[in-house]
There are 2 protein chains.
Amino acid sequence: MERVANSFCFGGEQLRYKHQSTSLNCEMHFSLYLPHQLAAGTATQSLRFPVVYWLSGLTSTDENFMQKAGAQRVASELGLILVAPDTSPRGEGVPDDPDGAYDFGLGAGFYLNATRAPWRDNYRMYDYVTQELPDLINTHFPADADRCAISGHSMGGHGALTVALKNPQRFRSVSAFAPIVAPMQCPWGMKAFTHYLGEDQSTWRDYDAVALMQAGPRPLPMLIDQGAADQFLEEQLKPALFIEACSAVGYPVQYNWRPGYDHGYFFIASFIEDHLRFHAQYLR
Amino acid sequence: MERVANSFCFGGEQLRYKHQSTSLNCEMHFSLYLPHQLAAGTATQSLRFPVVYWLSGLTSTDENFMQKAGAQRVASELGLILVAPDTSPRGEGVPDDPDGAYDFGLGAGFYLNATRAPWRDNYRMYDYVTQELPDLINTHFPADADRCAISGHSMGGHGALTVALKNPQRFRSVSAFAPIVAPMQCPWGMKAFTHYLGEDQSTWRDYDAVALMQAGPRPLPMLIDQGAADQFLEEQLKPALFIEACSAVGYPVQYNWRPGYDHGYFFIASFIEDHLRFHAQYLR
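Residues numbered from 1 in each chain as written. Chains lettered and ligands numbered in written order. Predicted model: local features only at pLDDT ≥ 70, side-chain atom pairs only at ≥ 80, totals over all residues. Heavy atoms only, no water.

Asks: What's the story with the sheet that holds strand β4 (residues 49–55) of chain A in this structure? I'm lost.
Replies: Within a sheet, neighbouring strands are paired by backbone hydrogen bonds and run either parallel or antiparallel to one another. Strand order across the open sheet formed by nine strands is β1-β2-β3-β5-β4-β6-β7-β8-β9 (chain A), with mixed pairing between neighbours. Among the strands making up the open sheet, the edge pair consists of β1 (2–9) and β9 (254–258) of chain A. Direction aside, the axes of adjacent strands within the sheet are offset by 20 degrees on average. The sheet contact formed by β4 of chain A and strand β6 (residues 143–153) of chain A spans six bridges and is parallel. Residue pairing for β6 of chain A: Val52 of chain A is matched across the bridge by Ala149 of chain A. Against the sheet, helix α10 (residues 265–283) of chain A touches β4, β5 (81–85), β6, β7 (173–177), β8 (222–227) and β9 of chain A, its axis set at about 175 degrees to β7 of chain A. Across the sheet, helix α10 (residues 265–283) of chain B lies against β1 and β2 (12–21) of chain A, angled at about 25 degrees from β1 of chain A, the strand it touches most. (Pairing = 2+ DSSP bridges. Helix = DSSP H or I, 4+ residues; strand = E, 2+ residues; numbered from the N terminus. Axes fitted to C-alpha atoms, helices over the stretch in contact; angles between N-to-C directions. Contact = heavy atoms within 4.5 Å.)

Below, the structure written as structure tokens:
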């Protein structure tokens, strides 16, 4: 693991690392924020800090959230480590959408383990974000493996919800901005799942938040923000499907409908403070 | 003038416009933030809001500050309009550095009026940011022309300081992050001024903050933040030259030395709140 960038930010440290990923068979970057308590050296060696994992959306890398969301101010105040992985495997040897489309292949790993050739050798983002990356973080940084939360945006909101619903013992809370909640029922998800997982839709349910919710999972504190002016709302995001699924099984979700807000980072920046404070309640 | 982007952000509106610039003889973009008091329609038509102009550094456009500094949260709270122009003229017909260097030509207008061919037909950023752009803003938005402040980063810090020192009647306050204070004495400035203004260095003094300060200008409230880990500190920024010049004429400046911080946007994001609150004191 090699550090490739570091900057002071709100009294803490904004860092970027690269490493060879065994899950993904390629070199990966991730970004990390250490709050001021760590940078200042006031924390003792034995003190460990809670972690919020952030999963980004289509076309993003590990850097977008750290550069655009403005999350570090509140993370530093609350003593939270932030970790943002990339959105797919990367590099020359990694297969991409043959047409170079933004919604499949590079930048569009959908946080699943692909089972179909040629994708299955690299596209194992589920293993990466649930096992390999947390192991790296817990080994190399003063992170408390027992105090984690997960959040994300759009495709990364899908990632956060599905990962948390499948691993409620691993996370204290989960949140999402404008998540893809029903990839089995929207063009982005159907395209990706067909390629990564094949035609048999029974294998898709394991990565679909609505389907996972219908199974009645163990509840975690859950917060979702959705902009009412989101350009992908009706065709891709379909929030009503998830609200209905939660309601049907009695799963408690705090769902904030935000008039006027669209799908972009200005929306995330406006409400990231609420999300970090939400997680911090359960991470103390 | 045409609106090309708009997003809600912290209850206000993040906007981007393009227009044909008469000063620069090309099409220009600028970005603008309207605080929540305006977006919500609670302000009456006759109420006008103070404006903070932001000038960006080398390689930036009008978008970087709005995407990376996280300024909108506090601007919305304080009721400030934010305006960010591009850093140079743009387009196919605009001459650029023959080697495509980042520090001259496109993205590097240095907020001056060029007097040498071929630059003088387009590179008139001084006129653009002091006259054409404020006229546009005051005409099309509820901006109070009598309550303006100016700030900027690096080359844009140079712009903010020189524009304010030459126009103290136009601004209530001025601030800068890691400004180029002595372009006549650093490689970035000497290269740019030689091309834009010619070999006669007597013409350079009009765009050099240290030289302008030596003339004993009328004081304005002035705030500067400088990172101690800034990679351009010694070769390009030379803050001691400006501090000495201020001291020699008794010009009051609040100068904050920030251990650990580098030249990038994580530094700006960490202290933009302080700068906006500083300006707001004088804009009320």
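Now, onward.
Asks: Could you clarify how one ought to interpret the relation of the copies chain B and chain A in this entry?
Replies: Here the second copy of the chain follows from the first by a rotation about an axis and a shift along it. Each copy of the sequence occupies a distinct position, and chain B is placed on chain A by a rotation of 180 degrees and an axial shift of 0.0 Å, giving an RMSD of 0.0 Å. The two molecules are tied by a two-fold rotation axis, judged by turn and shift. The position closest to the rotation axis in chain B is occupied by the C-alpha of Lys68 of chain B, lying 2.5 Å away. Comparing interface residues between copies, 100% of those in chain B also lie at the interface in chain A; the contact surface is shared. (Least-squares fit on C-alpha atoms with pLDDT ≥ 70 in both.)

Asks: Would you take a moment to explain the environment of Leu212 of chain A for this structure?
Replies: Looking at the element boundaries, Leu212 of chain A is found in helix α7 (residues 209–214). Taking the C-alpha atoms as reference points, Leu212 of chain A and Glu27 of chain A, 185 residues apart in sequence, are found 31 Å from one another.

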